[in-house]
Amino acid sequence: MSKDAAATRLALVQAARHRFAFDGYRATTVRDIAADAGVNVALINRYFGSKEGLFRACLDRATPEQEAAPSGSDLERVLGGLIRHIIRSPTDEDSMQLLLLLRGSGDEAVDRIRRETLRGYAERLAGAARAGSSSADDDDMLVRAEIALSVVLGMTMLRTSTKVEPLASADVEAVARPLEDALRALLGGGRG
């Protein structure tokens with residue numbers, strides 16, 4: 001992909017992410033997105049196939065454990081990545097990403113994409129946790145991973161969207177240690 005094509009694709013994803021997060025999927029038109037990105041509406045179909053494809057691309061932005069846990073990584077790496085994501089300086093992109101992941105769209109196909117995305121993140125997290133445990137039951141670990149993901153998403157929301165104090169401005173150690181304890185309790189693996 002050329003530099004211009006990559007920049008156009010990025011502009012479309014950023015414009016769409018903002019529109020989908022604040023206006024909702026149904027209320028957002030491809031014309032709105034193209035206008036916000038300053039490009040021809042036909043480029044949405046060219047790069048993403050459809051509005052639904054563009055929504056999927058908006059969810060492809062790395063989430064906490066995806067940033068830290070490429071497939072097959074171990075629990076220590078996953079926990080470290082989750083914790084780093086929570087304690088780093090939150091951004092408006094984090095807030096929009098949360099809205100995309102958590103806000104129902106009213107469109108069943110799009111809501112299915114959102115659920116599949118969240119399930120995929122939890123499956124990768126459970127896989128990393130299972131790799132360190134020979135006795136982990138698949139369904140039990142998946143539930144634990146979904147709870148851990150809920151903790152991460154909730155903490156991100158409290159620190160970014162709602163800016164709940166003192167959590168939003170807490171120092172690294174004040175957040176990292178109890179978060180690590182909670183995630184280890186859910187996913188297994190005692191402190192090293």
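In this text, all values refer to a predicted model and were calculated from it rather than measured experimentally.

### Here's the deal with the packing of helix α6 (residues 75–87) against helix α9 (residues 138–160)
The contact between α6 and α9 brings their axes to 9 Å, and the two run at 15°. Overall, the two elements α6 and α9 adopt an arrangement that is roughly parallel. Like other packed secondary-structure pairs, α6 and α9 cross with a definite hand, here right-handed. Contacts between α6 and α9 involve Leu82, His85, Ile86 and Ile87 from the first element and Val152, Met155, Thr156 and Arg159 from the second. The class makeup of the residues in the contact of α6 with α9 is 5 nonpolar, 2 polar and 1 charged.

### Thoughts on the pattern of salt bridges
The tally for this structure, following the rule as stated, stands at 10 salt bridges. Ionic pairing is found between Arg184 and Glu76, a salt bridge with its closest N-O pair at 2.7 Å. Here Glu76 lies in helix α6 and Arg184 lies in helix α10 (residues 172–187), a separation of 108 residues in the sequence. For Arg184, a relative accessible area of 9% gives the class buried. Judged by its relative accessible area of 45%, Glu76 falls in the partly exposed class. Because the salt bridges share partners, they merge into one network encompassing Arg19, Asp23, Asp32 and Asp36.

### As for the nonpolar core
Of all hydrophobic cores here, the largest spans 53 residues; its most connected members are Leu12, Phe20, Ile33, Phe55, Leu183 and Leu187. No other element matches helix α8 (residues 108–131), which puts 9 residues into this core. Sequence-distant contacts of Phe20, that is, excluding residues within four places in its chain, are made with Tyr25, Thr28, Ile33, Lys51, Leu54, Phe55, Cys58, Leu100 and Arg103.

Parameters at a glance
- Residues numbered from 1 in each chain as written.
- Predicted model: local features only at pLDDT ≥ 70, side-chain atom pairs only at ≥ 80, totals over all residues.
- Heavy atoms only, no water.
- Axes fitted to C-alpha atoms, helices over the stretch in contact; angles between N-to-C directions.
- Helix = DSSP H or I, 4+ residues; strand = E, 2+ residues; numbered from the N terminus.
- Parallel < 35°, antiparallel > 145°, perpendicular 65-115°, else oblique.
- Left-handed = near helix turned anticlockwise from the far one by under 90°.
- Contact = heavy atoms within 4.5 Å.
- Nonpolar A, V, L, I, M, F, W, Y, C, P; charged D, E, K, R; others polar.
- Salt bridge = Lys/Arg side-chain N within 4 Å of Asp/Glu carboxyl O.
- Buried < 20%, exposed > 50% of the residue type's maximum accessible area, 1.4 Å probe, protein only.
- Core = buried A, V, L, I, M, F, W, Y, C linked by side-chain atoms within 4.5 Å.

Read these as geometric descriptors, not functional statements.
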